[in-house]
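Overview (structure and organization)
The chain contents come next:
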Amino acid sequence: MAETAALSAPSLESLGLSTNRPLVIVDVDEVLGLFMKGFGGFLATRGYDFRVDRFALFQNIYPAGAAEHLDLEAGRALFDEFFGGHCGEIEPAPGAVEALIRLSARAEILILSNAPPQAEQLRGDWLRRHGLPHPLILSTGPKGPITAALVAQTPQRTAFIDDLLPNLDSVREHSPSTATFQHVADERLRPLAPSAPQRHPRIDDWAELAAAIEAAIHR
Ligand SMILES: [Mg+2]
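Residues numbered from 1 in each chain as written. Predicted model: local features only at pLDDT ≥ 70, side-chain atom pairs only at ≥ 80, totals over all residues.

If you look at the biggest cluster of nonpolar residues, it comprises 59 residues, and the most contacted ones within it are Val 24, Ile 25, Val 26, Leu 103, Leu 110, Ala 159 and Ile 213. In this structure, Ile 213 is in contact with Val 24, Leu 103, Ala 159 and Phe 181, ignoring residues within four places of it in sequence. (Core = buried A, V, L, I, M, F, W, Y, C linked by C-beta atoms within 7 Å. Buried ≥ 20, exposed ≤ 12 C-beta atoms within 10 Å, placed from the backbone. Contact = placed C-beta atoms within 7 Å.)

Strand pairing in a sheet takes place through backbone hydrogen bonds and is either antiparallel or parallel in direction. With parallel pairing, 5 strands are arranged side by side in an open sheet as β5-β4-β1-β6-β7. Where the open sheet ends on each side, the last strands, each with one partner, are β5 (136-138) and β7 (179-182). Shown here is a sheet whose adjacent strand axes are inclined to one another by a mean of 20°, direction ignored. Judged from the 4 bridges that link them, strand β1 (residues 23-26) and strand β4 (residues 108-113) form a sheet pairing that is parallel. Across the sheet, residue Leu 23 finds its bridge partner in β4, namely Glu 108. Of the strands in this sheet, β6 (158-162) and β7 are in contact with helix α7 (residues 165-174), which crosses β7 at around 175°. Taken strand by strand, helix α8 (residues 206-217) contacts β1, β6 and β7, and its axis lies near 170° from that of β7. (Pairing = 2+ DSSP bridges. Helix = DSSP H or I, 4+ residues; strand = E, 2+ residues; numbered from the N terminus. Axes fitted to C-alpha atoms, helices over the stretch in contact; angles between N-to-C directions.)

With that out of the way, let us pick up the domain arrangement of the protein chain. We note that the domain assignment places domain 1 (2-34 + 91-217) and domain 2 (35-89) within the protein chain. The distance between the C-alpha centroids of domain 1 and domain 2 comes to 24 Å. At the junction of the two partners, domain 1 supplies 19 residues and domain 2 supplies 12 residues. Residue composition of the side of domain 1 that touches domain 2, grouped by class: 10 nonpolar, 2 polar and 7 charged. (Domains from an automatic or database assignment. Nonpolar A, V, L, I, M, F, W, Y, C, P; charged D, E, K, R; others polar.)

Structural data, given as C-alpha cells:
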C-alpha cells in the first residue's frame, strides 16, 4: 500500500514547493473550513436536518423532523452533490486564514484533503479566494502513506494537521518524524471527536496551534 501511494504522490517540485523550508501539510474540512456547518446548510435546502449529536456523517442526516436517519446511500449522494457543486460556499474556520498566512512566512504549505475528485476546482478556488494560494492534493484513505511519500522528498522538518484521529495515527505510523496536531473547528463536534493528546496535541484555537506548529518546525 505504502509503495503504491509513494508512486502516486506528486513531487514537491511539481507542486511549486521548496525543500529549503519546513513543510506544513494541512487538511481542509474541520481544519481550515467549517464543513459540518456548510454541509448542514446545504442539507437544509434539500429538506434534511444535519444533527451533530454523534461523531458520524451519513448517520447524522435525517429527513426534517424524522426519528430515523436517511439511508446511507442517499446520504452519500447528497455528500457527492455537495462536493460537486457547493463546497466552495463553506466558511473558513475562525483564525485559520490568519494562521496560515503567518506560517507561510517561514514554511511551505501544502493542502491535503480527502474531498472527492469533483471538488477539485471549487476547493482550489475556495482556497485562493480566502488568501490561501497553496497547492492542493485531493486524496483518499488514511493519509500516512501519501504524507510519507511527500515528506521523504525534503530534508526539512514537517508538520501535519487534521481533525481525524485515524489520519493522525496513520501519519504517525508512516512518517514518524512528522509533528502531528489535531484541530477540530466545529464547536459542536469538539466534545464528540476522538482524540489522543499524548500522541497528537489537540489544539482547537488556530492562533495557539500556529504557535505550536512554529515551535515544532523551527526548533
Ligand atoms: Mg478533515
